[in-house]
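Next come the chains, spelled out residue by residue.
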Amino acid sequence: MDVRRVRVGCEFVYVAAIDTPTVLQVELQDAAPVSLAQHGWSTEPQLRIRRYTDLYGNLCVRVVLPAGRSTLRYDALALVPDAAEHADEHAPELPPEELPDDVLIYTLPSRYCLPDMLGDEAWSRFSALSPGYLRVQAICDHVHRHLTFRYGSSGPLSTAVDVNTSGFGVCRDFTHLAISFCRALNIPARYVFGYLPDMDVPPDPAPMDFAAWMEVWLGDRWWTFDPRNHRRRKGRILIGRGRDASDVAMITTFGAPLLESMTVRAEEEPA
């Protein structure tokens, strides 16, 4: 399969009153179908960087932000398939007793995904549909129609129930709501966080940002769904997976430094 080159990265500028331990999840994963050609960090001032892998297999970076201003930059070059993610309209749902042991956790409530509170609505809207890939797509169709994308319409405490009520959210909210409806129907669904360049789609005039989508277990594998963008896409580059956004926060600070600025890059690079 042909591949294309995508440059991704980000920059954060912080001002801290005291030394602040920090964990970042912004490094891309070197895993098929994406391969990592090069990557690296630069920091001002120079900071000690230590990596570890969390319980979901995500790559994490630990640093201590010193008192004062700090700039952290991550840059990577990825090789991605020149093809959108796979789809199979005949992929079946499995009953709970046939799900793999390590998949069961993705049927349960989590910090932002609340299938127990949205269960009545999920069953009234989607239980009559034939189980399988097309029912999950119907859930995504509904979430895409129901929510209006609006920056600043939700915050760090907003759950799937909150955005379902308000009708507004950002990509993580679209994903949380779709995951909640899936889990309410005993369909395992997990949150995915990464870079998503504008490849072979109309360019988005908004500033580039990180992206969120979901993976749903059907048959014997995970399948990608995107209730926010509502189409199969090229160039998805994985950072991390988890139960919801709380498991793959791009930055966790053990303190309260001021984030002065953040920029994200994800764009195709000429060969």
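Before reading further, recall that the structure is shown in the block above.
Caption draft 1: Here's a closer look at the overall build of the protein. Check the secondary structure of the protein and you find 4 helices and 14 strands. For 271 residues, the compact-globule formula gives about 18 Å, and the C-alpha radius of gyration of the protein, at 19 Å, lands near that figure. Across the 271 residues in the protein, those meeting the buried criterion constitute 50%. The long-range fraction of contacts in the protein, counting pairs at least 24 apart against all pairs at least 6 apart in sequence, stands at 78%. Total accessible area on the protein is roughly 12900 Å²; 52% of this is exposed by carbon and sulfur atoms. Separation of charge centres in the protein, based on 27 positive and 36 negative side chains, amounts to 4 Å.

Caption draft 2: Structural detail: the sheet that holds strand E5 (residues 59-65). As summarised here, the arrangement of the 4 strands in space is E4-E5-E2-E13, forming an open sheet in which the pairing is antiparallel. Each edge of the open sheet is held by one strand with a lone partner, namely strand E4 (50-53) and strand E13 (251-253). Neighbour-to-neighbour, the strand axes of the sheet open up by a mean angle of 25 degrees, direction not taken into account. In the sheet, strand E2 (residues 20-24) pairs with E5 via 5 bridges, with the strands oriented antiparallel. Looking across to E5, one finds that Leu24 is bridged to Val61.

Caption draft 3: Structural view of unusual backbone geometry. Between Ala32 and Pro33 the backbone carries a cis peptide bond, its omega angle lying at 10 degrees. Counting through the fold element by element, Pro33 comes out in the loop between E2 and strand E3 (35-44). That bond from Glu44 to Pro45 is cis: its omega, -5 degrees, falls within 30 degrees of zero. Its location among the elements puts Pro45 in the loop between E3 and E4. Positive phi is not limited to glycine here, since Asp200 has a value of about 60 degrees. Along the chain, Asp200 turns up in the loop between strand E9 (189-195) and strand E10 (211-218).

Caption draft 4: Summary view of the sheet that holds E10. With respect to topology, 4 strands assemble into an open sheet ordered E11-E10-E9-E12, the strand pairing being antiparallel. Single-partner strands in this sheet number two, and they are strand E11 (221-225) and strand E12 (237-242). Here the strands of the sheet are splayed against their neighbours by 35 degrees on average, with no regard to which way each runs. As judged from the 5 bridges shared by E9 and E12, these two strands associate in the antiparallel manner. Note that in E12 the partner of Tyr195 across the bridge is Ile237. Set on the sheet, helix H4 (residues 171-184) makes contact with E9 and E10; between it and E10 the angle comes to about 15 degrees.

Caption draft 5: Molecular detail of the state of the cysteines. Applying the stated criterion across every chain, the model contains 0 disulfides. No disulfide involves Cys182; its sulfur sits 6.3 Å from that of Cys140, the nearest cysteine.

Caption draft 6: Structural view of the pattern of salt bridges. A complete count under the given rule lists 23 salt bridges for this structure. With a closest N to O distance of 3.0 Å, Arg5 and Glu269 form a salt bridge. With Arg5 in strand E1 (residues 3-16) and Glu269 in strand E14 (residues 258-269), the pair connects residues that are 264 residues apart, well separated along the chain. A relative accessible area of 17% places Glu269 in the buried class. We note a salt bridge from Glu93 to Arg135, for which the minimum N-O separation is 2.8 Å. Here the residue Glu93 occupies a position in the loop between strand E6 (68-81) and helix H1 (115-126), and Arg135 occupies one in helix H2 (residues 133-146), the gap between them amounting to 42 residues.

Caption draft 7: Seen up close, the nonpolar core. Counting 64 residues, the largest nonpolar core has Tyr195, Phe210, Met214, Val216, Leu218 and Phe225 as the members making the most contacts within it. When residues in this core are grouped by element, the largest group, 8 residues, is from H4. Val216 has contacts with Val136, Cys182, Ile187, Pro188, Ala189, Arg221, Trp222, Trp223 and Phe225, leaving out every residue within four places of it along the chain.

Conventions adopted
Residues numbered from 1 in each chain as written. Predicted model: local features only at pLDDT ≥ 70, side-chain atom pairs only at ≥ 80, totals over all residues. Heavy atoms only, no water. Helix = DSSP H or I, 4+ residues; strand = E, 2+ residues; numbered from the N terminus. Rg over C-alpha atoms; globule rule 2.2 N^0.38 Å. Buried < 20%, exposed > 50% of the residue type's maximum accessible area, 1.4 Å probe, protein only. Contact = heavy atoms within 4.5 Å. Areas by Shrake-Rupley, 256 points an atom, 1.4 Å probe, with all protein chains shown as cover. Lys, Arg positive; Asp, Glu negative; His and termini not counted. Charge placed at Lys NZ, Arg CZ, Asp CG, Glu CD. Pairing = 2+ DSSP bridges. Axes fitted to C-alpha atoms, helices over the stretch in contact; angles between N-to-C directions. Disulfide = S-S within 2.5 Å. Salt bridge = Lys/Arg side-chain N within 4 Å of Asp/Glu carboxyl O. Core = buried A, V, L, I, M, F, W, Y, C linked by side-chain atoms within 4.5 Å.

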